[in-house]
Amino acid sequence: MIGLGKWVCNVDSMFYRGEVFFTISDNNGQYAFEGSIPDMETPDIDFISVTEDGNTLSAVARTDLLPGKDIEASLTFETDDTFTGLVKIPFIGKIKLKDGRRAP
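This one's a predicted model, so the numbers in the text were calculated from it and none came from an experiment.

K.L.:
So what's going on with the pairing of strand 6 (residues 71-77)? Which residues, and what values?
P.N.:
With six bridges joining them, strand 5 (residues 56-62) and strand 6 adopt antiparallel strand pairing. Paired with A59 across the strands is A73, a residue of strand 6. In the sheet, strand 6 pairs with strand 7 (residues 82-89) via six bridges, with the strands oriented antiparallel. Residue A73 lies in a different strand from strand 7, and its bridge partner there is V87.

K.L.:
If you had to explain the pairing of strand 8 (residues 93-102) to someone new, which residues and values would you point to?
P.N.:
Examined bridge by bridge, strand 1 (residues 5-12) and strand 8 share three bridges and lie antiparallel to one another. By the bridge assignment for strand 8, W7 is matched with R102. Two elements, strand 7 and strand 8, share seven bridges in a ladder whose sense is antiparallel. Note that in strand 8 the partner of I89 across the bridge is G93. Counted between consecutive antiparallel strands, the loop separating strand 7 from strand 8 contains three residues, among which F91 sits at a positive phi close to 70°.

K.L.:
Tell me about the nonpolar core, residues and numbers included.
P.N.:
Ranked by internal contacts, the top residues of the largest apolar core, which has 21 residues, are F22, I24, L75, F77, F83 and L97. If you list the elements that add at least two residues to this core, you get strand 1, strand 2 (17-27), strand 5, strand 6, strand 7 and strand 8. Each residue touching F22, except ones within four places of it in the same chain, is listed here: G5, K6, W7, C9, E34, G35, L75 and F83.

Quick notes on the rules
Residues numbered from 1 in each chain as written. Predicted model: local features only at pLDDT ≥ 70, side-chain atom pairs only at ≥ 80, totals over all residues. Heavy atoms only, no water. Pairing = 2+ DSSP bridges. Helix = DSSP H or I, 4+ residues; strand = E, 2+ residues; numbered from the N terminus. Core = buried A, V, L, I, M, F, W, Y, C linked by side-chain atoms within 4.5 Å. Buried < 20%, exposed > 50% of the residue type's maximum accessible area, 1.4 Å probe, protein only. Contact = heavy atoms within 4.5 Å.

Honestly, that's just the spatial picture; any functional story needs more than this.
Rendered as structure tokens:
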């Protein structure tokens, strides 16, 4: 499994500017994600699928805020301590995950 651990990245979108924190863990051979945004309540997100291809994780997720719509995310781990990413959210668009790094 790739990318296990605690991570942080910067987001600069029309809805939020700042750091996003998340943890990738191993749940009996399946990827598990848990995320947080400081000073912001985040909706529950259910991950439908997570695939690993080389050093990239691709995920499809859903939330009750967007019924029947898929959220797509891709994280490419450039080293053991850095990543780049992109999240596609229906009605919002593409959000780049910048300066991805292991969280302290």
